[in-house]
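Each chain is listed here by its residues.
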Amino acid sequence: MLNKIIEMFSPKSPTQKLIEHEAQFVAKNYHPLPVVLNRGEGCYLWDHEGKKYLDMMSAYSAVSCGHSHPRIVKALTDQVGKLAMCSRAYHTNTLGPFVEKLVQVTGLDEVLPMNTGAEAVETAVKAARQWGYVVKKIPENMAEIIVADGNFHGRTTTIISFSTEPDYRKNFGPFTPGFKSVPFDDLKAIEAAITPNTAAILFEPIQGEAGIKTPHDGFLQGLRKLCDEKNVLLILDEVQSGLGRTGKMFCFQHENVLPDVLILGKALGGGLLPVSAIVGKKAVMELFKPGSHGSTFGGNPLAAAVGLEALKVLEEEGMVQNSAILGAYMQEQLRGINSPLVTGVRGRGLWIGMDFDPARVTARKVCEKLMEKGILSKDTHHTVVRFAPPLTITREQIDWALEQVRAVIRELEGKNG
Ligand SMILES: *Cc1c(COP(=O)(O)O)cnc(C)c1O
């Protein structure tokens, strides 16, 4: 009753009204922070009331080039006025340059363009099974793919079939068979799980949604060696770790290995569109025949023009080096924060997870406090706050962010005694 009366007399802020309006009509499969954004530029976002924030999230790496990068916006606007969409029933003059660039930056042979990350993962699963039957001669419908505990590869029914996260699976069965999950970063367990029917190992080189979990040095080399010995494909999902996020163009380059199939998405769309692809070795990719796979929007002219420009911008504007240098700097500075609230700092390049002691504070609470101070981040698994700004961020911006992080931690320490 008292609440009702208070509510009647306290006018709602415009932000609150917009949040409530949205909530009236949208499914609640997300729990966003209470901010309403309406503009982005570079590393900054602005909310409906004009407050400015530093983006430390980059839409899970989709905005690695920064918001509305002028060159990528120009590529989009130039193309949209010419030919935006026509399906792959026809050739276009945009697809060739885009896939050539992808082959050049990855060192692999052929590209199959899709739209979202999950679609590219699905494509990789099909590619692996197809190779398993045609080349490795696995008996029909027996192909297995090994994945890692704590994996995140997207949300389709097949992909959640091999998730180990109960929330992602509950009430969504029956599940697709053919997957086996093993502990991440455990080469012995992976080797033990391989059978003559194993077509592929599908791993994230660093587990993003699991909390930016980084395997031991030499892990990717170990994986590559194991796959070669056992005649198993190595598929790396670099939808989030790829395109400069970890301080190299691709995470696998830290260990000088090459996967058989690489899955890309997120940043490939330059922060403007959903663009994804698998890039693979010829022995796998040449098995796709007309009719075996497809996507109405995959490789459309707008996506190809934007994807090509995003790749060029990443290379030409030094974003990958910036990620390496400033990522190391930011990680070192975060490590220097001495607080009983903080239990660890992990990551590679501008992709950092900070662990908080759940007995003292939730990561969500930390994110809410950071938001008040003008930093947008996002918690994962209740205990991890991630810092993954656009790769265009400057040292001054990072120093400012670090000040806010320190201030938030001090305030939370005070409250918790
Ligand atoms: C985000 C993500 C996906 C799924 O991409 P969507 O575009 O959301 O479908 C797949 N794999 C990894 C590693 C991701 O981070």
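Small disclaimer: the values here were computed from a predicted structure and weren't measured. (Residues numbered from 1 in each chain as written. Predicted model: local features only at pLDDT ≥ 70, side-chain atom pairs only at ≥ 80, totals over all residues. Heavy atoms only, no water.)

> Would you mind showing me how to read the sheet that holds strand S5 (residues 144-148) here?
Within a sheet, each strand pairs with its neighbour through backbone hydrogen bonds, oriented either parallel or antiparallel. Read across the sheet, seven strands follow the order S4-S10-S9-S8-S7-S5-S6 without closing on themselves; strand pairing throughout is mixed. Across the chains shown, the open sheet's two edge strands, defined by having one partner strand only, are strand S4 (110-114) and strand S6 (179-182). Neighbour to neighbour, the strand axes of the sheet diverge by 20 degrees on average, direction disregarded. Across four bridges, the pairing between S5 and S6 is parallel. Considered in S6, the bridge of Ala-148 is made with Val-182. Together, S4, strand S9 (261-264) and strand S10 (276-280) form the strand contacts of helix H5 (residues 95-106), whose direction differs from that of S4 by roughly 120 degrees. Strands S4, S5, S6, strand S7 (198-203), strand S8 (233-237), S9 and S10 of the sheet are contacted by helix H6 (residues 117-134), whose axis makes an angle of about 30 degrees with S10. (Pairing = 2+ DSSP bridges. Helix = DSSP H or I, 4+ residues; strand = E, 2+ residues; numbered from the N terminus. Axes fitted to C-alpha atoms, helices over the stretch in contact; angles between N-to-C directions. Contact = heavy atoms within 4.5 Å.)

> Looking at this structure, how should I read the layout of surface pockets?
Over the atoms rolls a probe the size of a water molecule, and its path tells where empty space is left. Approximately 290 Å³ is the volume found for the second largest pocket. Forming the walls of the second largest pocket are Arg-88, Leu-112, Pro-113, Phe-288, Lys-289, Pro-290, Gly-291, Ser-292, His-293, Gly-294, Ser-295 and Gly-298. Broken down by class, the residue content of the lining of the second largest pocket amounts to four nonpolar, six polar and two charged. (1 Å grid on protein atoms, 1.4 Å probe; cavity = no way out; pocket = protein on both sides within 12 Å on 5 of 7 lines; lining within 4 Å. Points joined across faces, edges and corners; volume = space filled by probe spheres on them. Nonpolar A, V, L, I, M, F, W, Y, C, P; charged D, E, K, R; others polar.)

> Help me understand the packing of helix H4 (residues 70-80) against helix H12 (residues 301-316) in this model?
Relative orientation and spacing of two packed helices are given, respectively, by the angle between their axes and the distance between those axes. For the pair H4 and H12, the least separation of the axes is 9 Å and the interaxial angle reads 160 degrees. One finds that H4 runs roughly antiparallel with respect to H12. As H4 runs across H12, the sense of the crossing is right-handed. Two secondary-structure elements touch here, H4 through Arg-71, Ile-72, Ala-75, Leu-76, Gln-79 and Val-80 and H12 through Pro-301, Leu-302, Ala-305, Val-306, Glu-309, Ala-310, Lys-312, Val-313 and Glu-316. Along the lines of polarity and charge, the residues of the contact of H4 with H12 split into 10 nonpolar, one polar and four charged. (Parallel < 35°, antiparallel > 145°, perpendicular 65-115°, else oblique. Left-handed = near helix turned anticlockwise from the far one by under 90°.)

> I would appreciate a short explanation of the pattern of salt bridges in the present structure.
Where charged atoms from two side chains of opposite charge come close, those side chains can pair. Counted by the stated rule, this structure contains 21 salt bridges. The residue Glu-315 makes a salt bridge to Lys-101 at a minimum N-O spacing of 2.8 Å. Of this pair, Glu-315 sits in helix H12 while Lys-101 sits in helix H5, placing them 214 residues apart in sequence. With relative accessibility at 35%, the residue Glu-315 sits in the partly exposed group. We classify Lys-101 as buried; its relative accessible area is 12%. (Salt bridge = Lys/Arg side-chain N within 4 Å of Asp/Glu carboxyl O. Buried < 20%, exposed > 50% of the residue type's maximum accessible area, 1.4 Å probe, protein only.)

> I tried to follow the nonpolar core on my own but got confused; where do I start?
Buried together is how nonpolar side chains tend to be arranged in soluble globular proteins. Judged by nonpolar contacts, the single largest core of 87 residues is most densely connected at Phe-203, Leu-334, Met-354 and Phe-387. If you tally residues by element for this core, the top one is H12, at nine residues. Summarising the domain contributions, this core has at least three residues from each of domain 1 (9-67 + 318-416) and domain 2 (70-316). Excluding residues within four positions of it along the chain, Phe-387 makes contact with Met-56, Met-330, Leu-334, Leu-350, Trp-351, Ile-352, Met-354, Leu-370 and Val-405. (Core = buried A, V, L, I, M, F, W, Y, C linked by side-chain atoms within 4.5 Å. Domains from an automatic or database assignment.)

> Explanation requested: the side chain of Gln-240 in the structure shown.
Tracing the sequence through the fold places Gln-240 in the loop between S8 and S9. Here Gln-240 falls in the buried class, since its relative accessible area comes to 9%. Discounting chain neighbours no more than four positions away, the residues touching Gln-240 are Tyr-60, Ser-61, Glu-209, Arg-245, Lys-266, Trp-351 and Arg-386.

> It is not clear to me how the pairing of S9 should be interpreted in this structure. Could you clarify?
For a regular strand, the rule is simple: side chains alternate between the two faces of the sheet. The alternating pattern of S9 places Val-261 and Ile-263 and Leu-262 and Leu-264 on opposite faces, both of which are buried. Judged from the three bridges that link them, S8 and S9 form a sheet pairing that is parallel. Bridging from a neighbouring strand, Ile-235 pairs with Val-261 of S9. For S9 and S10, the ladder comprises four bridges, and the chain directions are antiparallel.

> For this particular structure, what's the right way to read the domain arrangement of the protein chain?
Interface extent is often summarised as the accessible area lost during association of the parts. Under the domain assignment used here, the protein chain contains domain 1 (9-67 + 318-416) and domain 2 (70-316). The C-alpha centroid of domain 2 is placed 27 Å from the C-alpha centroid of domain 1. In this complex, domain 1 contributes 28 residues to the contact, which on the side of domain 2 involves 29 residues. Buried surface at the junction of domain 1 and domain 2, summed over both partners, amounts to about 2,400 Å²; 58% is from carbon and sulfur atoms. The largest share of the area that domain 1 buries against domain 2 comes from Val-320, Arg-348 and Trp-351, three residues that together contribute 33% of it. At the junction of domain 1 with domain 2, the criterion picks out one salt bridge. Measuring nitrogen to oxygen at the nearest pair gives 2.9 Å for the salt bridge that ties Glu-209 to Arg-386. At the junction of domain 1 and domain 2, the tally comes to 17 residue pairs in polar contact (both at pLDDT 80 or more). (Buried area = accessible area lost by both parts, 1.4 Å probe. Polar contact = N/O pair within 3.5 Å; in protein donor to acceptor, adjacent residues only side chain to side chain.)

> Would you explain the site of the ligand in this entry?
Taken together, Thr-116, Gly-117, Ala-118, Phe-152, His-153, Gly-154, Glu-204, Asp-237, Val-239, Gln-240 and Lys-266 make up the full set of residues near the ligand. Within the backbone of Gly-117, a nitrogen or oxygen atom sits 2.9 Å from an oxygen atom of the ligand. Within the side chain of Asp-237, one N or O atom sits 2.6 Å away from a nitrogen atom of the ligand. Taking 380 Å² as the accessible area of the ligand by itself, protein coverage stands at 81%. Split by residue class, the shell around the ligand holds three nonpolar, five polar and three charged. (Near = heavy atom within 4 Å. Areas by Shrake-Rupley, 256 points an atom, 1.4 Å probe, with all protein chains shown as cover.)

> I'm lost on helix H14 (residues 363-372) in this one. Help?
Along H14, seven of the 10 residues are buried, which leaves the element largely enclosed by surrounding structure. Listed in full, the buried residues belonging to H14 are Ala-363, Arg-364, Val-366, Cys-367, Lys-369, Leu-370 and Met-371. Looking one or two places after H14, you find Gly-374, whose phi comes out positive at around 95 degrees.

> Quick question: what am I supposed to make of the sheet that holds strand S3 (residues 52-55) here?
Taken in spatial order, the four strands make up an open sheet running S1-S2-S3-S13, and their pairing is mixed. Edge strands, defined here as strands with exactly one partner in the open sheet, are strand S1 (37-41) and strand S13 (375-376). Two elements, S1 and strand S2 (residues 44-47), share four bridges in a ladder whose sense is antiparallel. Along S2, the bridge assignment pairs Arg-39 with Trp-46.

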